[in-house]
Amino acid sequence: MKEASKNYDVIIIGAGPSGIFCAYELIDKKPDLKILMIEKGRPIEKRTCPKRTTKVCVGCKPCSITTGFAGAGAFSDGKLSLSPDVGGNLPEILGYDKTVELLKESDNIYLKFGADTNVYGVDKQKEIQEIRRKAINANLKLIECPIRHLGTEEGYKIYTRLQEHLLEQGVEMEFNTMVKDIIIEDNQAKGIITDKDEIYEAPEIVSAIGREGSDWFSHICGNHGIETKVGTVDIGVRVEVRDEVMELNKNLYEAKLVYYTPTFDDKVRTFCTNPSGEVATEYYENGLAVVNGHAYKSQEYKTNNTNFAILVSKNFTKPFKTPIEYGKHISQLSNMLCDGRILVQTFGDFPERKTYN
Ligand SMILES: Cc1cc2nc3c(=O)[nH]c(=O)nc-3n(C[C@H](O)[C@H](O)[C@H](O)COP(=O)(O)OP(=O)(O)OC[C@H]3O[C@@H](n4cnc5c(N)ncnc54)[C@H](O)[C@@H]3O)c2cc1C
């Protein structure tokens, strides 16, 4: 092993939105901190996906869509759900009021860096009330959530400004570098080892590795005897319809609807609606093909279709402990049916159970 090459006050693994906001807050509150962000992908200006022009995925390693500065957020639709009632389980960890406060703070940072000032879902109370009435009649719960939409192309620009800002503030960034291991001594994280066998040391190590790094991180925890908690498995399909069919769009950017199945009381929910948007195939490192959706802000790139996901959220009990592998396995099985691609089914074929790839 080589000698420790550099020392920092804080090392942040991963430069996705979590890593970025962590660095932003730290340098804002303590400008003298020596911070290093280590990211296995590329800086934002070097993130280009060949598939956007060739329509064929060439399997870049690492993938430019999911890794690099801004992580999976760089080319995402950039919908900011401004309510603690949707998203992860932050209110359970921090409390409801603190989560509201942090959401406001994060939203203000996006606004400072150029986000659209419009918020969907706060006006039109009468129309929303009518949607709720129809939802109740259909056994659905409408979750109210104000949405700010950055837009795929505008989100990229906002993250470009954030990268410039952090660099100007003296945050160091090491790209194309994967963290291989975390050095832990006496129950304390002391440093990291990269795939180039370099060692960086810091008394504080932040792991902000997102879904992309979750496999790696669960192995690291396993190797170091760190206990982990099993997360929710979300499995579903992405639905695409003509904008005209999606009447909900007129008054809500995204209608978050929840349904509990009568047989097993499973939670089924709509997720990530993209009015006038596009469905995109994404490939993960092991060749896994999945679908996602996004929408541009500019009129020029808008389509006539709305897409959204319908997900079943399932929490399994002991001895189950591999939610990510389980989800991947199910996706792999559906990929297998169509030679590594994604299954497509038209609405007309749905009752007849026909699928295409
Ligand atoms: C197409 C698409 C659309 C989306 N739309 C929305 C949306 O509209 N609204 C919304 O809120 N969310 C959306 N999301 C989800 C959102 O992008 C993620 O919730 C967000 O990116 C999570 O941030 P993160 O920092 O936790 O993780 P990530 O963004 O995944 O970032 C983690 C970073 O860590 C790096 N990393 C991982 N392991 C290592 C390692 N060992 N060494 C070095 N680097 C490592 C990765 O390369 C990555 O860049 C979308 C995602 C996609 C893909």
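Residues numbered from 1 in each chain as written. Predicted model: local features only at pLDDT ≥ 70, side-chain atom pairs only at ≥ 80, totals over all residues. Heavy atoms only, no water.

## Focus on the packing of aromatic side chains
Evaluated as defined, the whole model comprises 11 aromatic pairs. Summarising the aromatic geometry, the rings of Tyr 8 and Tyr 200 are spaced 6.3 Å apart at their centres and angled 55° between planes, so their arrangement reads as tilted. Here Tyr 8 is found in the loop between β1 (6-7) and β2 (10-13), whereas its partner Tyr 200 is found in strand β10 (residues 199-201), with 192 residues between them in sequence. Here the two residues Tyr 8 and Tyr 200 agree in accessibility, since each one is buried. Ring centres of Tyr 24 and Phe 113 lie 6.0 Å apart, and the angle between their planes is 80°; on these two criteria the pair is classed as edge-to-face. With Tyr 24 in helix α1 (residues 17-29) and Phe 113 in the loop between α4 (96-112) and α5 (125-137), the pair connects residues that are 89 residues apart, well separated along the chain. Exposure class is identical for Tyr 24 and Phe 113. Each is buried. Through a chain of ring-to-ring contacts, the aromatic side chains of Phe 21, Tyr 110 and Tyr 159 assemble into a single cluster. When the ring centre of Tyr 8 is taken as reference, the NZ or CZ atom of Lys 34 above it lies at 4.4 Å. (Phe/Tyr/Trp six-rings, centres within 6.5 Å; stacked < 30°, edge-to-face > 60°. Helix = DSSP H or I, 4+ residues; strand = E, 2+ residues; numbered from the N terminus. Buried < 20%, exposed > 50% of the residue type's maximum accessible area, 1.4 Å probe, protein only. Lys NZ or Arg CZ within 6 Å of the ring centre and 35° of its normal.)

## With respect to the sheet that holds strand β8 (residues 179-185)
One open sheet accounts for 4 strands, arranged β1-β10-β9-β8; its pairing is mixed. With one partner strand each, in any of the chains shown, β1 and β8 form the two edges of the open sheet. As defined by bridge partners, strand β9 (residues 188-194) adjoins β10 across 3 bridges and the pair is classed as antiparallel. Across the sheet, Gly 191 pairs through a bridge with Glu 201, a residue of β10. (Pairing = 2+ DSSP bridges.)

## Let's talk about the packing of α1 against α4
As a packed pair, α1 and α4 sit with axes 12 Å apart at the nearest point and diverge in direction by 90°. Judged by the inter-axis angle, α1 sits roughly perpendicular to α4. For the pair α1 and α4, contact is made by Pro 17, Phe 21, Tyr 24, Glu 25 and Lys 29 and by Glu 105, Ser 106, Ile 109, Tyr 110 and Lys 112, respectively. Residue classes in the contact of α1 with α4 are distributed as 5 nonpolar, 1 polar and 4 charged. (Axes fitted to C-alpha atoms, helices over the stretch in contact; angles between N-to-C directions. Parallel < 35°, antiparallel > 145°, perpendicular 65-115°, else oblique. Contact = heavy atoms within 4.5 Å. Nonpolar A, V, L, I, M, F, W, Y, C, P; charged D, E, K, R; others polar.)

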